[in-house]
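A closer look at the structure
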Amino acid sequence: MDVPLTSKEVITQIQKLQNQGNSLRKKEVKHLYPDLMRSALHYYPSWQHAIEESKVG
């Protein structure tokens with residue numbers, strides 16, 4: 001499986017979307033940022049888990 005982003009880049013991208021006030025709904029992110037979603041699901045068990053990880057740091 002081709003993973004375009006590292007786990008750190010996934011977290012950074014999620015934080016960036018969040019800071020810009022963009023939706024983090026799975027369906028929207030999957031449609032607008034497919035590489036982000038594919039990478040997030042490679043490193044984390046779920047999209048929700050990736051979002052939670054982005055809030056830790």
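Residues numbered from 1 in each chain as written. Predicted model: local features only at pLDDT ≥ 70, side-chain atom pairs only at ≥ 80, totals over all residues. Heavy atoms only, no water.

Turning our attention to the nonpolar core. The biggest cluster of nonpolar side chains holds 14 residues, and the ones touching the most others in it are Val10, Ile14, Leu36, Trp47 and Ala50. Listing elements by their share of this core, those giving two or more residues are helix 1 (7-19), helix 3 (34-43) and helix 4 (47-56). Among the elements that make up this core, the one with the highest residue count is helix 1 (four residues). Once residues within four sequence positions are removed from consideration, leucine 36 is found in contact with Leu5, Val10, Gln13, Ile14, Leu17, Val29 and Trp47. (Core = buried A, V, L, I, M, F, W, Y, C linked by side-chain atoms within 4.5 Å. Buried < 20%, exposed > 50% of the residue type's maximum accessible area, 1.4 Å probe, protein only. Helix = DSSP H or I, 4+ residues; strand = E, 2+ residues; numbered from the N terminus. Contact = heavy atoms within 4.5 Å.)

Once that is clear, we can look at the confidence of the model for the protein chain. Taken as a whole, the protein chain shows an average pLDDT of 95; of its residues, 95% reach a score of 70 or greater. When mean pLDDT is compared element by element in the protein chain, helix 2 (residues 26-32) scores highest at 98, while helix 4 scores lowest at 94. (pLDDT = per-residue confidence, 0-100.)

Moving on: the pattern of salt bridges. Counted according to the given criterion, the structure contains two salt bridges. Across the salt bridge formed by arginine 25 and glutamate 28, the nearest N and O atoms sit 2.7 Å from each other. Note that aspartate 35 and arginine 38 form a salt bridge whose closest N and O atoms lie 2.4 Å from each other. Here the residue aspartate 35 and the residue arginine 38 both occupy positions in helix 3, the gap between them amounting to three residues, near one helical turn. The partly exposed category is assigned to arginine 38, whose relative accessible area is 34%. (Salt bridge = Lys/Arg side-chain N within 4 Å of Asp/Glu carboxyl O.)

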